[in-house]
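Working through the structure, step by step
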Amino acid sequence: MKGITDLDEGTLRRVDWLELAPATILAQAFSATFKTSFLLLGALGIALFATAAGATKTPDVGAWGDCPFSASVRCVGALGAHCGGATDPTTDSAALLAAGTETGTKPTRGAVCAAHTVALLAAIWFALAIARTTTARLATSGRSSTAASLKFATLRLKSLFIPALAPLLFAAALGATGAVSKLAAGSGVLAAVAAPVSALLFFVFVALAALTTVAFPLATVAVATEKSDGFDALARGVSYATRRPAHLIFYAVLAAILTAVGAGLVGWASETARGFYVGAFVDGGAWVEFWNLALFALPASYCGVSAVVYTSAIYLALRRSVDGTPFDAFAADGSERKARRLRPILQDAQGAPVFADEKKDDELAK
C-alpha cells in the first residue's frame, strides 16, 4: 500500500521577518511613534517648561521650515535661540537662566539646578512609560495603556537611579582627577609621576562616562521590559552596546532616517493646524500663546517619543542577538491575588469521594 505523502512538503508558508532580518522591527515600531496620548503629553510638557522658562511669544507659522531643526527645538524650550523673534528679549530665558538682567531678576543657581533636575526626572519618567508601552506592543499581542504605563513608570523609576548616576559619577571622577593634576603640577618630581597616571585616568573616565551614557537609554528599556533593577539594567545596556556596536550604529542610523520622515509628517500637520488656530485667534492672550506653543512643540515631542520607541526596538533586537532571548519575552504585570486553593476531597465511610453537601446530608441523617 502506497504511503500518504504531503504534496506541499517543503513549501514555505510563513516568513518570520524578525528572525530573518531583525532590522524590520524598526519598521514595525514606526506606527508606535505616532501614539497620540504620548505626543500630546510631550508637547504639553515642553510648552509648560518653555512658559516657566520665560517664553512669551510663539514663532510665526512656518518657523519649522525657516529655522534649523536644532534652533527650533531651542526656541521651543526658550533656551536662547531667537527664531524670528520667538521670545521677548526682556523675558527671554537666556537672560533669566544664564546671564540674568540688570533689574536683578536673575534666579539663584540653586533654583536653576532644581528646575533642570525636576525637568530631567520628568523626562526620564515619561521615557520609561513610553518604553513600557512600546515593548508591550512589539513583544506581545497585548497592550499597555498610557495610564498603566505611567503607573508602572512611577513604581519603577527608582530602578533608573543607578544607570542615571553612573555617567555623573564618572564625570565627577574626571573633574576630581583634573583638580588633583593641577595641584601636582607645581612640583616637578610629583608632576613627573602624576602626569602619566592622570593621562591614563582621564582616558579611562572619559571612556566609562561615554559608555554609560550610551548604555543609559538601553537600561531604561531594560527596566521597562525585564523589570530589572538598576545594576542589571546598566549591565545589560553596557553589554549590548559593547558586544554589538556595529549593530547599534546601524540601527541608530535607520532610526534617525525614520524619525526624520515622521517628524516631517508631524511638522506639516502641526504647522497646518497652527495656521487655522492663529487665524481663528488673531487677538489672543497668554492662554492662546500657550496652546499655540504646544502645537509648535508637537514635532519636538515626536522626536523625543520616537527616540524612546526606536531605542526600545533596538534593545529587543540587540537582546535577541546577544542573549538569544526571543522577541516575545516580556515581563508582564502578574496578578497580586493569591491563587485559589482547591477544595479538599471528602470521603464517606467506605472511602469513596463525595461532595461536601452530600457528606453534610449524611451527617444530618445520622
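Sequence order as written defines the numbering, with residues in each chain counted from 1. Restriction of local features to residues with pLDDT of at least 70 applies here, the model being predicted, together with a cutoff of 80 or more for giving and counting side-chain atom pairs; totals for whole chains, interfaces and linings are based on all residues. Note: side-chain values were computed over all heavy atoms of the structure, leaving out hydrogens and water.

**Some points on the overall build of the chain**
A count of helical and extended segments in the chain gives 15 helices and two strands. Burial classes: relative accessible area under 20% of the type maximum marks a residue as buried, over 50% as exposed, and values in between as partly exposed (1.4 Å probe, protein chains only). Per-residue burial over the chain gives 36% buried out of 366 residues. Restricting to contacts in the chain with at least 6 residues of sequence separation, those with at least 24 account for 73%. Under the convention used here, a 1.4 Å probe and the Shrake-Rupley method define accessible areas, while residue burial counts only the protein chains that appear. Taken as a whole, the chain presents about 21,400 Å² of accessible surface, with 67% of it coming from carbon and sulfur. Comment: elements are numbered from the N terminus, with helices defined as DSSP H or I runs of at least four residues and strands as E runs of at least two. By the convention used here, residues are in contact when the closest approach between their heavy atoms is within 4.5 Å.

**Examining empty space enclosed by the protein**
Definitions used for this entry: grid spacing 1 Å over protein atoms alone; cavity, a set of points where a 1.4 Å probe fits but cannot get out; pocket, an open set with protein on both sides within 12 Å along at least 5 of 7 lines; lining residue, one with an atom within 4 Å of a point. Grid points are joined across faces, edges and corners, and a volume is the space filled by probe spheres set on the points. Tallied over the full model, the rule gives one cavity of 30 Å³ or more. Lining the largest cavity, in full, are Ala32, Lys35, Phe38, Ile130, Thr133, Thr134, Arg137, Val305 and Val309. Mapped by element, the contributors of at least two residues to the lining of the largest cavity are α7 (109–139) and α14 (298–323). It is α7 that provides the largest number of residues to the lining of the largest cavity, a total of four residues. Across the lining of the largest cavity, the residue classes break down as five nonpolar, two polar and two charged. Amino acids are sorted into nonpolar (Ala, Val, Leu, Ile, Met, Phe, Trp, Tyr, Cys and Pro), charged (Asp, Glu, Lys and Arg) and polar (every other residue, Gly among them).

**Digging into the nonpolar core**
Nonpolar side chains in soluble globular proteins tend to end up buried together. In this text, buried Ala, Val, Leu, Ile, Met, Phe, Trp, Tyr and Cys residues form a nonpolar core when linked through side-chain atoms within 4.5 Å. Ranked by internal contacts, the top residues of the largest apolar core, which has 52 residues, are Ile25, Leu26, Ile130, Val305, Tyr315 and Leu318. Every element with two or more residues in this core is listed here: α2 (24–30), α3 (36–53), α7, α8 (146–156), α10 (188–226), α11 (230–243), α12 (245–280) and α14. Sorting elements by how many residues they give to this core places α14 first, with 14 residues. Once residues lying within four places of it in the same chain are set aside, the contact partners of Ile130 are Phe38, Val305, Val308 and Val309. Counting residues in hydrophobic clusters, the runner-up holds six residues, among them Ala50, Leu293, Ala294 and Phe296.

**Some words on the packing of aromatic side chains**
Whether two aromatic rings pair depends on their centres lying within 6.5 Å, for rings of Phe, Tyr and Trp, where Trp uses its six-membered ring; planes under 30 degrees apart make the pair stacked, over 60 edge-to-face, and the rest tilted. In this structure the tally under the stated criterion is seven aromatic pairs. Each ring, one from Trp287 and one from Phe290, has its centre 5.8 Å from the other, and the planes form 80°; the classification is edge-to-face. Taken together, the positions of Trp287 and Phe290, both in helix α13 (residues 286–296) and three residues apart, correspond to about one turn of that helix. For Trp287, a relative accessible area of 65% gives the class exposed. Charges are assigned to positions over rings by a cutoff of 6 Å between ring centre and Lys NZ or Arg CZ, combined with an angular limit of 35 degrees from the ring normal. A cation over an aromatic ring shows up here: Arg132 above the ring of Phe152, its NZ or CZ 4.1 Å from the ring centre.

**Some remarks on the confidence of the model for the chain**
Values of pLDDT, ranging from 0 to 100, describe the predictor's confidence in every residue of the model. A residue-level look at the chain finds 69% of positions with pLDDT of 70 or above and a mean pLDDT of 77. The lowest-confidence element of the chain is helix α6 (residues 93–99), averaging 37 in pLDDT; the highest-confidence one is α11, averaging 93. Taken together, the stretch residues 66–104 has pLDDT below 50 and engages in 75 contacts with residues farther than four places along the chain or on a different chain.

**Focus on α11**
For a helix, the expected span equals 1.5 Å multiplied by the number of residues minus one. For α11, spanning 14 residues, the distance from its first C-alpha to its last is 20 Å, which sits close to the expected 20 Å at 1.5 Å a residue. Restricting attention to buried positions, one finds in α11 the residues Gly230, Ala233, Leu234, Gly237, Tyr240 and Ala241. Around the axis of α11, the buried residues are gathered within 135° of arc, so they sit on the same side. Within this analysis, the arc is defined by the directions that extend from the helix axis to the C-beta atoms.

**Here's the deal with the environment of Gly45**
Relative to the helices and strands, Gly45 is located in helix α3. Once the C-alpha coordinates of Gly45 and Ala122 are considered, the two residues, 77 residues apart in sequence, prove to be 8.9 Å apart.

**A closer look at unusual backbone geometry**
In this model, Lys227 sits at a positive phi of 60°, which is unusual for a non-glycine residue. Its location among the elements puts Lys227 in the loop between α10 and α11.

**Side note on the environment of Ala235**
With respect to the helices, strands and loops of the structure, Ala235 is situated in helix α11. Ala235 sits in the partly exposed class, given a relative accessible area of 44%. Considered as a pair, Ala235 and Leu218 are 17 residues apart in the sequence and their alpha carbons are 9.8 Å apart.

**A short note on the layout of surface pockets**
Put simply, the second largest pocket is a space of about 280 Å³. Around the second largest pocket sit Thr117, Leu120, Leu121, Ile124, Leu157, Leu160, Phe161, Ala164, Leu165, Pro167, Leu168 and Phe216, which together line it. Sorting the residues of the lining of the second largest pocket by element identifies α7 and α9 (161–184) as the ones contributing at least two each. Of the residues forming the lining of the second largest pocket, the biggest block, five residues, is contributed by α9.

**Overview of the side chain of Asn292**
On the secondary structure map, Asn292 appears in helix α13. Here Asn292 falls in the buried class, since its relative accessible area comes to 6%. One polar contact links Asn292 to Arg274, side chain to side chain, over a distance of 2.9 Å. Asn292 has contacts with Thr58, Arg274, Tyr277 and Val278, leaving out every residue within four places of it along the chain. Here a polar contact means two N or O atoms within 3.5 Å. Within protein one must be a hydrogen donor candidate and the other an acceptor candidate, and residues neighboring in sequence count only if both atoms are side-chain atoms.

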